[in-house]
Amino acid sequence: MRSSANIVVLTGSGISAESGLSTFRENGGLWDQHRVEDVATPEAFARDPNLVQRFYNARRARLNEVGPNEAHYALARLEQHQNDTGRGSLLIVTQNVDNLHETAGSKNVLHMHGELRKVRCRACGSVITWLQDVEQSTPCPTCGQAPALRPHIVWFGEMPFHLNEIDNALQHADLFVSIGTSGNVYPAAGFVSMVRAIGRAHTLELNLQPSETHSQFAEARHGPATDVVANWVNEIIKTEELS
Ligand code: OAD
């Protein structure tokens, strides 16, 4: 087992699939049921804000019906282990807009595509935790403007969040692990090649099936996240306990 001092984990919708949340590009996935151009671009929001709000209201409401699975819990255990032993760190960079990593107990999480349980005011810029539906008539609790609230979600054509922090973490990573993502959406899909170019970290893919970028990983394990992630975390913890 390689050095696991600084671990960066990239997660995608596949890690939440066994919790009952849809992925995007698989049969029956979100982009099978809705056109990206209708619900996930700034132009869509300008054209039909009610439709876009309804799409994200439904997804926000769905979070009340699901909980973390064994893969989320395993990553939270690994973060705790890293902290307890002082051997290093664990950062989760997630493309997911759900809250399942946090509910499982993970603390060090960057949501690069935003969060369903937050809204942003287009008038005053405040970002507000939001658990209910949002209507166009809902006033911003900070500045009172309406319509002004939008989902705190990165739409196609917008810049992902936390890119400097992510870049810094990738520069210092000893282990980069990609979980449950198809490798279709950049910049996240390009992290593995960045890490390889830096030349420091071991790279591991944990996914149901080989992703678009699978050939760039030094190692891959394929299967459901609840199996492969939990097994991998148990291996790391056991190896370190023996060393
Ligand atoms: P995709 O739907 O593109 O890919 C999901 C991946 O998860 C696939 O490779 C599946 O094989 C894998 N998968 C499915 N079930 C799994 C399981 N039980 N265990 C492990 N892996 C499983 O979703 P993402 O890669 O997350 O962005 O999509 C990336 C981004 O595209 C999303 O963040 C979203 C979307 O458009 C925005 O909306 C900005």
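Quick notes on the rules
- Within any chain, residue numbers begin from 1 and follow the written order of that chain's sequence.
- A pLDDT threshold of at least 70 governs which residues receive local features in this predicted model, and a stricter bar of 80 or more applies before side-chain atom pairs are shown or counted, although totals over entire chains, interfaces and linings include all residues.
- Just so you know, side-chain values use all the structure's heavy atoms and leave hydrogens and water out.
- Any two strands with at least two DSSP-identified bridges between them are counted as paired.
- Helix numbering and strand numbering both begin at the N terminus, where a helix is a DSSP run of H or I of at least 4 residues and a strand a DSSP run of E of at least 2.
- To obtain each axis, a line is fitted to C-alpha atoms, and for helices this fit is confined to the stretch in contact; angles are then taken between N-to-C directions over 0 to 180 degrees.
- Whether a residue is near a molecule or strand is decided by its heavy atoms; if any one of them lies within 4 Å of it, the residue is near.
- Distance and chemistry together define a polar contact, namely a pair of N or O atoms within 3.5 Å, with one atom able to donate a hydrogen and the other to accept it when in protein, and with adjacent residues in sequence counting only for side-chain atoms on both sides.
- Method for areas: the Shrake-Rupley scheme with a 1.4 Å probe, in which residue coverage is limited to the protein chains shown.
- In the scheme used here, Gly and all other residues not listed as nonpolar or charged are polar, with Ala, Val, Leu, Ile, Met, Phe, Trp, Tyr, Cys and Pro taken as nonpolar and Asp, Glu, Lys and Arg as charged.
- Marked domain ranges trace back to an automatic or database domain assignment.
- Residue contacts are defined here by distance: any two heavy atoms, one from each residue, within 4.5 Å place the two residues in contact.

## Points about the sheet that holds strand S5 (residues 127-129)
Consideration 1: Read across the open sheet, the three strands follow the order S5-S4-S6; overall the sheet is antiparallel. Edge positions in the sheet fall to S5 and strand S6 (149-153), since each has one partner strand and no second. Geometrically, the sheet is characterised by an average inter-axis angle of 45 degrees between neighbouring strands, direction not taken into account.

## Focus: the site of the ligand
Consideration 1: Contacts to the ligand come from 24 residues, most closely from Ser13, Phe24, Arg25, Thr181 and Ser182.
Consideration 2: Within the contact set of the ligand, an oxygen atom lies 2.7 Å away from a backbone nitrogen or oxygen of Phe24.
Consideration 3: Asn207 has a polar side-chain atom sitting 2.9 Å from an oxygen atom of the ligand.
Consideration 4: Notes on the ligand: free accessible area 800 Å², of which the protein chains cover 94%.
Consideration 5: Class assignment for the residues of the shell around the ligand results in nine nonpolar, 12 polar and three charged.
Consideration 6: Built from parts of two domains, the shell around the ligand gets at least three residues from each of domain 1 (6-20 + 68-113 + 159-242) and domain 2 (22-65 + 115-153).

## A closer look at the sheet that holds strand S7 (residues 175-179)
Consideration 1: A sheet is described by the order of its strands in space; here six strands give the open sequence S3-S2-S1-S7-S8-S9, paired in parallel fashion. Here the strands that pair on one side only, and so sit at the sheet edges, are strand S3 (109-111) and strand S9 (219-222). Neighbouring strand axes in the sheet, compared pairwise and without regard to direction, differ in orientation by 15 degrees on average.
Consideration 2: In this fold helix H6 (residues 70-85) packs onto strand S1 (6-11), strand S2 (89-94) and S7, with an angle of close to 150 degrees to the strand it touches most, S2.
Consideration 3: Helix H9 (residues 191-198) rests against S1, S2, S7 and strand S8 (202-207) of the sheet, and its axis sits at about 165 degrees to S7.

Any functional reading would require information beyond the geometric quantities listed.
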